[in-house]
Amino acid sequence: MKETQKKRGKAKKSTAVVASPNNAIVKRSASIPARQEKGKFSEEKGVYCVRNIALAESGRELIAWAESRMPVLMSLRKEMRKTKPLKGIRIAGCLHVTKETAVLIRAFQDAGAIVSWSGCNPLSTNDAVSAALAEDGISIYAWYGCSVPDFYWSIERTLDMKPHLTLDDGCDLINTVHEKYADLVGEYIFGGTEETTTGVHRLRSRAAQGKLLYPVYAVNDAETKWDFDNVYGTGQSTLDGIIRATSVMLAGKNFVVAGYGHCGSGVAKRAAGMGASVIATEIKPTAALKATLEGHRVMTMDEAASVGDIFCTATGVKDIIRKRHFEAMKDGAIVCNTGHYDAEININELAALAKSRRTIRPNCEEFVLKGGKRIYLLAEGRLVNLAAAEGHPSEVMDMSFANQFMAHLRLVQAKKQGITLPNEVLDLPVEQDQFIATVKLKSMGLNLDELTPDQLAYINDYSHGT
Ligand code: RBV
């Protein structure tokens, strides 16, 4: 690891630009000032494009807060600082620049890797965290409210360093490699990871067509990821985002959750806990059945449209809420999305129905329809939990990011051992889940029972009956 990447807190020259904490209303612009900082990647010195480098100190405070709540990742960091198993490895990452992600980036640094990073959503970067990472010498290209061209420009810049590994959340980095930088595969890139459900779906469809150029671990599919992050992380952070953007009372409201998968069921659980009456919409019979047995109403979106007060999509599918649904909604209905992409709410159709639109408070836009009815769209239809709040809590990201970190160690270990992994979407081993869960429980001071030899013999003996 180079000295400049190691030293934290070393001040660099600042670019004078506007501060934009996550709840600010940011004007989109192609001539984003952050671009002034662009340069050529070198391992000696990180290159960065951030909103305001002067926010670094407050970013460091946020990262310290996350570190104090991520014991699994912190224990791995401590161990890897001694052995440096990622020495000489370059990792390009495309994942929400949050305080938790910063802890993951520091873990890679501690293990000896050189890292280059971009955000994976135009509205999810925490500018203070981004500034802190930049000042610590990480190559980082991320600011809240970037334009879509700047978003892809940032991803491409992380490839300037010719990475060995890619880390994705939503598949935009891997898609960019496959579409524009395929020549890096083999000579440099030999593996990757994917954080989220939507990204894993995309990868599986790419792999099914034989078009995946390198092996990718589906971190999302690890039990210690999907069964916690997707459910409890999404549940809490989505409500956090809705509340920060609106301050409405949830008790007594009809809360429509589109999609009762892991994320949707987590949102439903928390909304019900706040006193809302939950309505789930589904296409999958078993998921709908589960929703109804968990005490929620099940309807089609056509039925729910005129009943709901708050709508939240969590499907990974486009056009879940569209023209005819907006037309049926009540005055004052609130609409948001917590899926990875902003395709779930058809905003163009909402805009076409509206006679006016204005931002009335951070992340809350009012559309007045031709007849005078008002509909409120949160966070431009992007994932409300990261755009309007801070994403999932550190405690749950601890496990997701321990999985990410260990998946990268695994890829490097295989490479060193001369093992060629297939160009497929790979599952992480169950032992990794058990390891992570064990360390997590230990950090919480919780103990497990152990089977006695007699009990062990009993469960392995098929002849026992009544
Ligand atoms: N996510 N990251 C955070 N605080 O860093 N919060 C949510 C954070 C991830 C989560 O793992 C999910 O799979 C993905 O964001 C969706 O883009």
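A. A look at the pairing of strand S14 (residues 364-369). Of the strand pairs in this sheet, strand S13 (residues 354-361) and S14 are connected by 6 bridges, and their pairing is antiparallel. Within S14, the residue paired with Ser356 across the bridge is Val368. Once S13 ends, the chain turns through 2 residues before running back antiparallel as S14, passing Asn363 with a positive phi of about 65 degrees. The pairing of S14 with strand S15 (residues 374-378) spans 5 bridges and is classified as antiparallel. Residue pairing for S15: Cys364 is matched across the bridge by Leu378.

B. Layout of the sheet that holds strand S4 (residues 139-141). The sheet built from 8 strands is open, its strands ordered S1-S4-S3-S2-S5-S6-S7-S16 with parallel pairing. Because the sheet does not close on itself, it has two edges, and the strands there are strand S1 (48-49) and strand S16 (425-426). For S1 and S4, the ladder comprises 2 bridges, and the chain directions are parallel. Each bridged residue has a counterpart across the sheet, and for Cys49 the counterpart in S4 is Tyr141. Those strands touched by helix H6 (residues 148-158) are S1, strand S2 (90-94), strand S3 (114-118) and S4, and its axis lies near 170 degrees from that of S3. Across the sheet, helix H17 (residues 394-416) touches S2, strand S5 (165-168), strand S6 (191-194) and strand S7 (216-218), and the angle it forms with S6 is around 165 degrees.

C. Spatial organisation of the site of the ligand. In the region of the ligand, 16 residues are neighbours, and Thr98, Glu100, Thr196, Gly391 and His392 sit closest. When residues of the shell around the ligand are traced back to their parent elements, those giving at least two are helix H4 (99-110), helix H10 (229-246) and H17. When the residues that make up the shell around the ligand are grouped by side-chain class, the tally is 2 nonpolar, 10 polar and 4 charged. Residue contributions to the shell around the ligand reach at least three from each of two domains, namely domain 1 (3-227 + 391-442) and domain 2 (231-387).

D. Molecular detail of the domain arrangement of the protein chain. Looking at the protein chain, the domain boundaries give domain 1 (3-227 + 391-442) and domain 2 (231-387). Contact residues are listed per partner, giving 18 residues for domain 1 and 22 residues for domain 2. Of the residues forming the side of domain 1 that touches domain 2, the biggest block, 3 residues, is contributed by helix H8 (residues 197-208).

E. Structural view of the sheet that holds strand S9 (residues 277-281). Taken together, 8 strands build an open sheet; the order of strands is S10-S9-S8-S11-S12-S15-S14-S13 and the sheet is mixed. The two strands at the open ends of the sheet, each matched to only one other strand, are strand S10 (297-298) and S13. Running at roughly 165 degrees to S9, helix H11 (residues 262-273) makes contact with strand S8 (254-258), S9 and strand S11 (310-313) of the sheet.

Calculation notes
Residues numbered from 1 in each chain as written. Predicted model: local features only at pLDDT ≥ 70, side-chain atom pairs only at ≥ 80, totals over all residues. Pairing = 2+ DSSP bridges. Helix = DSSP H or I, 4+ residues; strand = E, 2+ residues; numbered from the N terminus. Contact = placed C-beta atoms within 7 Å. Axes fitted to C-alpha atoms, helices over the stretch in contact; angles between N-to-C directions. Near = placed C-beta within 6 Å. Nonpolar A, V, L, I, M, F, W, Y, C, P; charged D, E, K, R; others polar. Domains from an automatic or database assignment.

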